[in-house]
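# Coordinate inspection notes
Okay, here's what each chain looks like letter by letter:
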Amino acid sequence: MSTTTPNSPTYYQILSLSPSTLTTNSDPSTLIKRAYRRALLSHHPDKKPVPNTNATTTWTVDQISTAYAVLSSPSQRRAYDAALLASQTANATTLTNAQKAQFQTGIEPVDLDDLSFASSPAGDEWYRSCRCGNPRGFRFGEDDLEEAADLGELMVGCADCSLWLRVQFAVVEEEEEKGGNGAGEGGSQRL
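All of these numbers come straight from a predicted model, not from anything done at the bench. (Residues numbered from 1 in each chain as written. Predicted model: local features only at pLDDT ≥ 70, side-chain atom pairs only at ≥ 80, totals over all residues. Heavy atoms only, no water.)

### Comments concerning the nonpolar core
Ranked by internal contacts, the top residues of the largest apolar core, which has 18 residues, are Tyr11, Tyr12, Leu15, Leu17, Ile64, Leu71 and Tyr80. Listing elements by their share of this core, those giving two or more residues are α1 (11-14), α3 (28-43), α4 (61-72) and α5 (74-102). No other element matches α3, which puts five residues into this core. The residues touching leucine 71, leaving out its near neighbours within four places in the chain, are Tyr11, Tyr12, Leu15, Ile32, Arg77 and Tyr80. Judged by nonpolar contacts, the second largest core, of 16 residues, contains Trp126, Cys130, Ala148 and Phe169. (Core = buried A, V, L, I, M, F, W, Y, C linked by side-chain atoms within 4.5 Å. Buried < 20%, exposed > 50% of the residue type's maximum accessible area, 1.4 Å probe, protein only. Helix = DSSP H or I, 4+ residues; strand = E, 2+ residues; numbered from the N terminus. Contact = heavy atoms within 4.5 Å.)

Quick look at the structure:
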């Protein structure tokens, strides 16, 4: 028994049945047999009265026979339903993750260089105003950047609302220079 891929028809589609119809019917074998015969007659090349040019799908006799064999056996149908459900769940999860990767509401990606910087005795601070009106709604310090250095991005929430910034940066390690100019001795510099 094969499981379905996202573009392949299910055995239920081939026989024009729905899973709920079979589970609610007291004798699904009769219903499956009628659907099997109807599918064979409507898709058999010698039995079609007039070729229908508007038909979008035509099932082969092998597809119809396989669908009948699987759906008419209660144990095979249970296994097929489980595999079909797992396949549909996996496809839905993949689609959801792809959608999440493309767009996230309330999260704005920015570069570290696009933020304002303020140096004070308490420490260096990067900040940006938020559209909620807080002039320093998004703010973080050097310690926050050091914690996120391995990822190269830092998620910063607004202090007053539910918006977020995804601050992207790169850490450039500088070698100790003989003259002592630049970022310092063995220090790192954020780009």
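Read on, since the account is not over.
### So, the pattern of salt bridges
Counted by the stated rule, this structure contains four salt bridges. For arginine 136, the salt bridge is made with glutamate 125, and the minimal N-O distance between the two is 2.8 Å. Here glutamate 125 lies in strand β3 (residues 123-128) and arginine 136 lies in the loop between β3 and β4 (138-141), a separation of 11 residues in the sequence. Residue classification places arginine 136 among the partly exposed residues on the basis of a relative accessible area of 30%. By relative accessible area, glutamate 125 is classed as buried at 19%. Close ionic contact of glutamate 125 with arginine 139 constitutes a salt bridge, the shortest N to O distance being 3.3 Å. Linking glutamate 125 in strand β3 with arginine 139 in strand β4, this pair joins segments that are 14 residues apart in sequence. (Salt bridge = Lys/Arg side-chain N within 4 Å of Asp/Glu carboxyl O.)

### Observations concerning the packing of aromatic side chains
Per the stated rule, a full pass over the model turns up five aromatic pairs. Relative to tyrosine 80, the ring of tyrosine 12 lies with its centre 6.1 Å away and its plane at 45 degrees, an arrangement referred to as tilted. Pair noted here: tyrosine 12 is in helix α1 and tyrosine 80 is in helix α5, with a separation of 68 residues, a long-range link. Pair check on accessibility: tyrosine 12 and tyrosine 80 agree, each one buried. An aromatic cluster is defined as three or more aromatic residues linked by ring pairs; in this entry it consists of Tyr11, Tyr12 and Tyr80. Its end group placed over the ring of tyrosine 127, arginine 136 keeps NZ or CZ at 3.7 Å from the ring centre. (Phe/Tyr/Trp six-rings, centres within 6.5 Å; stacked < 30°, edge-to-face > 60°. Lys NZ or Arg CZ within 6 Å of the ring centre and 35° of its normal.)

### Here's the deal with unusual backbone geometry
For serine 16, which is not glycine, the phi torsion reads 55 degrees and is therefore positive. Structurally, the position occupied by serine 16 is in the loop between α1 and α2 (19-24). Overall, the relative accessible area of 57% leaves serine 16 in the exposed class.

### Topic: the packing of α3 against α4
Helix-helix packing is characterised by the crossing angle of the two axes and by the distance between the axes. Interaxial distance between α3 and α4 falls to 10 Å at its minimum, and their mutual angle equals 180 degrees. Taken together, the axes of α3 and α4 lie roughly antiparallel to each other. Here α3 contributes Ile32, Lys33, Tyr36, Ala39, Leu40 and His43 to the contact with α4, which in turn contributes Val61, Ile64, Ser65, Tyr68, Leu71 and Ser72. Here the contact of α3 with α4 is composed, by residue class, of eight nonpolar, three polar and one charged. (Axes fitted to C-alpha atoms, helices over the stretch in contact; angles between N-to-C directions. Parallel < 35°, antiparallel > 145°, perpendicular 65-115°, else oblique. Nonpolar A, V, L, I, M, F, W, Y, C, P; charged D, E, K, R; others polar.)

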